[in-house]
Amino acid sequence: MRSATKVACASFVCLLTVAAQSDPARVTGDAAIGRTLFESKGRCLSCHAVDNRGGSLGPDLSWIGLLRTPELLGRALTDPDSQIFREYFTVVVETKEREKIEGVAQNEDDLSIQIRDARGELRSFLKSDVTDLRREARSPMPSYASTLSAVEIDHVVAYLRTLRTLWPVDAEERTRSIATASENVAFFNRPERDVQERPDELVKALAIPEGATVADIGAGTGYFTWRLAQQVGPTGKVIAVDIQKRMLDLTAATVKQHKLTNVDYVLASDTDPGLPDNSLDSAFVAYAYHEFSEPEAFMTALRRALKPDGRLVILEYAKESTLAPAGPLHKMSLEEIRREIEPMGFVIDGLMDFLPMQHGVIFIKRPVASPF
């Protein structure tokens, strides 16, 4: 986005998502008016692309509605510096000719740096040729608090929430090798796991209401089970599901350690989670889908177990991440997750892009077209 004097850019997608991924009731603006403001008064397409239209200085916003809540979108417009990742800090370069250039870093090594400047142009500099090179903890994107009224902000937020178009993935036959079910208890319970994976932020981001019924598929040692049980509260229920009786026993011990009594246990088969139809508000599948030996059959049964408005949460270590502490067979790319699960009758409703080394994808059932 751009105002009369300042250029907006990448911080627009840098806010840490720690709230519900979707809450349409909180959208109060008019999306049509918001689109007009976005393209005219805000001049947003000068920096951002939407559906292959616009600039390249900032990130593509075609799917920003899958990433941000209304609250966080509004905050990005009015206080873009509030939560910005280091990779989106403003880079300031001062040359020996006393030229000062600001932009966003694109590539950097020991000898050089490349930035995209306010006009969207790539500028390359040898570090030996600059007198100063620094990163400042501010966004090149301006605040729109004084440019747009509160009502106009609401309109723009309403429009941004409609932007939910991900890039297409090709339908292909699954070729990845399926990992055997893990029994690595030491890995599941490693001390550094909380710091690495942000489990509490993750569960909070799901905004599961009290009283909900949630299945923890592939419960393992109960790492997420007890957190989910706390989230749903005493009036809710968590069903720990696993194909290994030993893992269910370990989960039960973990739940007992946390003094929780709202967890049931189900020993599943390779093809069926063993859950009643239309019984789940959410199904939480953490680091387990890649081990499903019969994924189509299992997911078909799990889909039946979800209520019509139920959500499916898939969490996998990212194949694209060098930080993920798992072997190649125990990682999946976002492309693989989408390519396999979307054809099973699901559509993406949210992406938890704040996770450091995992893909967190929220699906809902794909609506069935009416025959009339």
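Residues numbered from 1 in each chain as written. Predicted model: local features only at pLDDT ≥ 70, side-chain atom pairs only at ≥ 80, totals over all residues. Heavy atoms only, no water.

**A few points about the overall build of the protein chain**
- When helices and strands are tallied, the protein chain shows 10 helices and 14 strands.
- Its C-alpha atoms give the protein chain a radius of gyration of 23 Å, near enough to 21 Å, the size a compact globule of 372 residues would have.
- Along the first, second and third principal axes, the C-alpha atoms of the protein chain reach 70 × 55 × 45 Å.
- Out of the 372 residues belonging to the protein chain, those deemed buried represent 52%.
- At a minimum sequence separation of 6, the contacts of the protein chain that also span at least 24 residues come to 71%.
- Accessible surface, the protein chain: about 17,400 Å² in total, of which carbon and sulfur atoms supply 51%. (Helix = DSSP H or I, 4+ residues; strand = E, 2+ residues; numbered from the N terminus. Rg over C-alpha atoms; globule rule 2.2 N^0.38 Å. Buried < 20%, exposed > 50% of the residue type's maximum accessible area, 1.4 Å probe, protein only. Contact = heavy atoms within 4.5 Å. Areas by Shrake-Rupley, 256 points an atom, 1.4 Å probe, with all protein chains shown as cover.)

**Notes on the nonpolar core**
- Leu275 and Leu312 are the most contacted members of the largest nonpolar core, which has 51 residues in total.
- By residue number, the principal contributor to this core is helix 3 (residues 150-161), which donates five residues.
- Ranked by size, the runner-up nonpolar core spans 33 residues in total, among them Leu202, Ile208, Phe224 and Met357. (Core = buried A, V, L, I, M, F, W, Y, C linked by side-chain atoms within 4.5 Å.)

**With respect to the side chain of Lys331**
- Within the element layout of this structure, Lys331 appears in the loop between strand 12 (306-317) and helix 10 (334-341).
- Here Lys331 sits buried without a salt bridge, and the closest side chain of opposite charge, Glu320, lies 8.6 Å off (N-O distance).
- Only 3.4 Å separates the side chain of Lys331 from the backbone oxygen of Ser321, close enough to count as a polar contact. (Lys, Arg positive; Asp, Glu negative; His and termini not counted. Salt bridge = Lys/Arg side-chain N within 4 Å of Asp/Glu carboxyl O. Polar contact = N/O pair within 3.5 Å; in protein donor to acceptor, adjacent residues only side chain to side chain.)

**With respect to the layout of surface pockets**
- Considering only enclosed or pocket space, the largest pocket measures out at about 510 Å³ in volume.
- Taken together, 35 residues make up the lining of the largest pocket; nearest its centre are Phe188, Gly218, Tyr287, Ala288 and Glu291.
- For the lining of the largest pocket, the secondary-structure elements that each account for two or more residues are helix 4 (185-188), strand 8 (213-217) and strand 9 (237-242).
- The residue inventory of the lining of the largest pocket, partitioned by class, reads 19 nonpolar, 10 polar and six charged. (1 Å grid on protein atoms, 1.4 Å probe; cavity = no way out; pocket = protein on both sides within 12 Å on 5 of 7 lines; lining within 4 Å. Points joined across faces, edges and corners; volume = space filled by probe spheres on them. Nonpolar A, V, L, I, M, F, W, Y, C, P; charged D, E, K, R; others polar.)

**Some points on the packing of aromatic side chains**
- Taken as a whole and assessed by the stated rule, the structure comprises 10 aromatic pairs.
- Counting every residue linked through ring pairs, the aromatic cluster contains Phe187, Phe188, Tyr287 and Tyr317.
- In this structure, Arg227 packs its charged tip against the face of Tyr223, placed 4.5 Å from the ring centre.
- Over the ring of Phe346 we find Arg303; its NZ or CZ atom is 5.8 Å from the centre of that ring. (Phe/Tyr/Trp six-rings, centres within 6.5 Å; stacked < 30°, edge-to-face > 60°. Lys NZ or Arg CZ within 6 Å of the ring centre and 35° of its normal.)

From the geometry alone we can't say anything about function, so treat these as descriptive.
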